[in-house]
Amino acid sequence: MENSALIIVDVQNDFCEGGSLPVQKASEIIPKINKVRKYFKNVIFTQDWHPQNHVSFKVNHPNLHELSKEEIQNLWPVHCVQNTFGAQIHKDIQIENGDIFVHKGTNSKYESYSGFGCKEDKTNLHEILQTLNVNTIYVGGLALDYCVLFTAIDAIKLGYKVKVLKDCTQAIDPENAKTKINSFFADIRRQDSTIQENSLQIFTSYEVQE
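Residues numbered from 1 in each chain as written. Predicted model: local features only at pLDDT ≥ 70, side-chain atom pairs only at ≥ 80, totals over all residues. Heavy atoms only, no water.

Engineer: Would you mind showing me how to read the pattern of salt bridges here?
Structural biologist: Where charged atoms from two side chains of opposite charge come close, those side chains can pair. Inspection of every chain in the model, using the stated rule, returns 5 salt bridges. Note that Asp-10 and Lys-104 form a salt bridge whose closest N and O atoms lie 2.7 Å from each other. Here Lys-104 lies in strand S3 (residues 100-104) and Asp-10 lies in the loop between strand S1 (4-9) and helix H1 (30-36), a separation of 94 residues in the sequence. Judged by relative accessible area, which is 1%, Lys-104 ranks as buried. When the shortest N-O distance is used, the salt bridge between Lys-104 and Asp-48 registers 2.6 Å. Here Asp-48 lies in strand S2 (residues 43-48) and Lys-104 lies in strand S3, a separation of 56 residues in the sequence. Accessibility classification places Lys-104 together with Asp-48 in one group, the buried group. In this structure, a network of salt bridges that share partners links the residues Asp-10, Asp-48 and Lys-104. (Salt bridge = Lys/Arg side-chain N within 4 Å of Asp/Glu carboxyl O. Helix = DSSP H or I, 4+ residues; strand = E, 2+ residues; numbered from the N terminus. Buried < 20%, exposed > 50% of the residue type's maximum accessible area, 1.4 Å probe, protein only.)

Structure, rendered in structure tokens:
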């Protein structure tokens with residue numbers, strides 16, 4: 001696993017049971033994440049790290065009636081505000097010396113589902129992976145059909161091979177998550193013919209080997 005990294009996306013208190021934006025059965029993935037991390041030298045955690053006035057918070061839009069249905073669907077309860085309990089990594093996640101933390105969504109004007117950020121508000125994740133000579137990423141965390149998915153798609157666009165650890169993630173909408181992933185992957189392959197079919201693979205943590 002010398003040229004690989006494990007990216008754990010947003011396993012934060014607000015996305016777990018009891019949080020402001022919980023993903024169903026979120027805590028069930030934690031023991032599997034803790035078990036699989038032992039195979040990786042490079043472990044990276046992403047965290048939503050929003051200012052209080054972040055654009056994705058529904059309470060910051062008093063003009064909701066003027067927004068489109070699509071715009072409203074991308075608004076959320078207040079979550080993962082910088083330096084709050086809700087933004088902290090869940091206490092049961094095993095953290096080791098040398099683990100790397102990447103904050104995303106730090107600019108109040110832009111939403112960033114991906115661990116790589118967005119065009120207007122990039123994180124340093126790509127630079128970190130390049131420095132570590134990583135060419136393959138394994139990804140888990142919360143939620144499969146949002147931040148895990150967008151992190152995986154951006155990684156593929158940047159040339160990484162991606163393996164999603166399906167037992168180390170949970171979806172907001174489990175019934176439609178697979179269809180959403182396949183649709184996004186098909187879209188980027190249509191846009192870039194150099195992206196190979198095996199650039200995205202769905203694994204389980206039991207298939208990970210040293």
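Further notes follow.
Engineer: Would you explain the nonpolar core in this entry?
Structural biologist: Across soluble globular proteins, you tend to see nonpolar side chains buried next to one another. Core analysis: the biggest nonpolar cluster contains 60 residues, and Val-11, Leu-129 and Val-162 have the highest contact counts within it. Sort the elements by how many residues they give to this core and helix H4 (residues 144-157) lands first, with 9 residues. Dropping the residues within four chain positions of it, Leu-129 is found in contact with Ala-5, Ile-7, Ile-44, Phe-116, Val-134, Ile-137 and Tyr-160. (Core = buried A, V, L, I, M, F, W, Y, C linked by side-chain atoms within 4.5 Å. Contact = heavy atoms within 4.5 Å.)

Engineer: How should I be thinking about the UniProt feature "domain: Isochorismatase-like" (unreviewed entry) in the protein chain in this particular structure?
Structural biologist: Per the UniProt record, "domain: Isochorismatase-like" (unreviewed entry) is annotated on residues 4-185. Secondary structure over residues 4-185 splits into 25% helix and 21% strand, and the C-alpha atoms at its two ends are 21 Å apart. (UniProt positions renumbered as here; feature names shortened; annotations may be inferred.)

Engineer: Hey, could you run me through the packing of H4 against helix H5 (residues 174-191) in this one?
Structural biologist: When two helices pack together, their arrangement is given by the angle between the helix axes and the distance between those axes. Interaxial distance between H4 and H5 falls to 11 Å at its minimum, and their mutual angle equals 20°. In this view, H4 runs roughly parallel relative to H5, as classed from their interaxial angle. For H4 against H5, the interelement crossing comes out right-handed. In contact with Leu-144, Asp-145, Tyr-146, Leu-149, Phe-150, Ile-153, Ile-156 and Lys-157 of H4, H5 contributes Ala-177, Lys-180, Ile-181, Phe-184, Phe-185 and Ile-188. Tallied by class, residues from the contact of H4 with H5 come to 11 nonpolar, no polar and 3 charged. (Axes fitted to C-alpha atoms, helices over the stretch in contact; angles between N-to-C directions. Parallel < 35°, antiparallel > 145°, perpendicular 65-115°, else oblique. Left-handed = near helix turned anticlockwise from the far one by under 90°. Nonpolar A, V, L, I, M, F, W, Y, C, P; charged D, E, K, R; others polar.)

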